[in-house]
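Observations on chain architecture
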Amino acid sequence: MHSNRILFAALLCLTILGARLGAQSLNVHIDRDQLHISAPRLHFLSGEALERLRDGATVHFTFQLTARSERNGRVLARAQENFAVSYDLWEEKFAITKLGSPQRSVSHLSVAAAEAWCIDNTSMPAAALTGNQPFWIRMEYRAEAAATPADQSDNSGFTLSGLIDIFSRRPRSEQSHGSDEAGPLRLDNLRRK
C-alpha cells in the first residue's frame, strides 16, 4: 500500500514536470504570408538594459528569428530586425523605433507591450518554408553593449569622480541576451489554425 502511494506520487511528479518541459513558450502563427511569433514569457526589458533605459540611455536591440530543419539542424530561413528603445522618465513608458526599412515607431508602451511589439515586428516570409516539412523556430535577442565615452578611456587626468566611475562599472560580460524556441512545427498545420 505504501509503495503504491510512492509510485503514484512519482508518476504525478513526472507528469507535471513533463507537461512543464513540453509546454512551448513561443506561439507561432501566420499573418498575411508572414511567420510571426508571440513570446509572453520572453522578457528582455530587464536587468542592465532596463537600468540603462531608466538612466536615460537609448538601448539598441537586435532580434533574430531562425527556422531550422531540426533543433540544431541546418538553417532554412533567417530574419533579423533592429530596434532602438528609449524610456520616458516622466510618463514611465517606453518608445521604440524599428530601424531599417520600413522604419516604424511607437510610443507610450508598458514593459509588456514594448516587449510584445518588438517580437511581433520580427517576422519572416512563410514562403521560405515548405508546407509539410517539419521545422524548429528560434527567437534570439541581444542588447547592444553600452558605449564607453572616449574621455573616460583617457587616463591622463584622474579625478575622484572619474575613478569612482571606472571602478563601479559592470564587466562587459553582463550583456542582455537570450533566446527561446519551439518545434517541431509544420507550415500546413499553422495555416489551418
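Residues numbered from 1 in each chain as written. Predicted model: local features only at pLDDT ≥ 70, side-chain atom pairs only at ≥ 80, totals over all residues. Heavy atoms only, no water.

**Quick look at the nonpolar core**
One finds Leu-35, Phe-61, Phe-63, Phe-135 and Ile-137 to be the most contacted residues of the largest nonpolar core, which totals 41 residues. Ranked by the residues each element gives to this core, the list is headed by strand β4 (residues 75-88), at 6 residues. When neighbours within four sequence positions are excluded, Phe-63 is seen to be in contact with Phe-44, Ala-79, Gln-80, Glu-81, Phe-83, Cys-118, Ile-119, Thr-122, Met-139, Glu-140 and Tyr-141. (Core = buried A, V, L, I, M, F, W, Y, C linked by side-chain atoms within 4.5 Å. Buried < 20%, exposed > 50% of the residue type's maximum accessible area, 1.4 Å probe, protein only. Helix = DSSP H or I, 4+ residues; strand = E, 2+ residues; numbered from the N terminus. Contact = heavy atoms within 4.5 Å.)

**Looking at the pattern of salt bridges**
With the rule as written, the count across this model stands at 5 salt bridges. Lys-98 is the salt-bridge partner of Glu-81, the closest N and O atoms lying 3.8 Å from each other. Within this pair, whereas Glu-81 is found in strand β4, its partner Lys-98 is found in strand β5 (residues 93-99), the two being separated by 17 residues in sequence. Using a relative accessible area of 18% as the deciding quantity, one classes Glu-81 as buried. Where Arg-138 meets Glu-181, a salt bridge forms, and the shortest distance between an N and an O atom there is 3.1 Å. Taken together, the positions of Arg-138 in strand β8 (residues 134-143) and Glu-181 in strand β9 (residues 177-186) put the pair 43 residues apart, joining distant regions of the chain. Using a relative accessible area of 18% as the deciding quantity, one classes Glu-181 as buried. Put simply, Arg-71, Arg-138, Glu-140 and Glu-181 are held in one network by salt bridges that share partners. (Salt bridge = Lys/Arg side-chain N within 4 Å of Asp/Glu carboxyl O.)

**Points about the side chain of Asn-121**
One can find Asn-121 in the loop between α3 (111-120) and β7 (124-125). A distance of 2.5 Å separates a polar atom in the side chain of Asn-121 from a polar atom in the side chain of Arg-104. Contacts of Asn-121, omitting those with residues within four sequence positions, involve Glu-81, Phe-83, Lys-98 and Arg-104. (Polar contact = N/O pair within 3.5 Å; in protein donor to acceptor, adjacent residues only side chain to side chain.)

**A few points about the layout of surface pockets**
By volume, the second largest pocket is sized at about 190 Å³. Considering the residues around the second largest pocket, the lining is formed by Asp-31, Arg-32, Gln-34, His-36, Lys-98, Arg-104, Asp-120, Asn-121 and Ser-123. In terms of residue class, the lining of the second largest pocket is made up of no nonpolar, 4 polar and 5 charged. (1 Å grid on protein atoms, 1.4 Å probe; cavity = no way out; pocket = protein on both sides within 12 Å on 5 of 7 lines; lining within 4 Å. Points joined across faces, edges and corners; volume = space filled by probe spheres on them. Nonpolar A, V, L, I, M, F, W, Y, C, P; charged D, E, K, R; others polar.)

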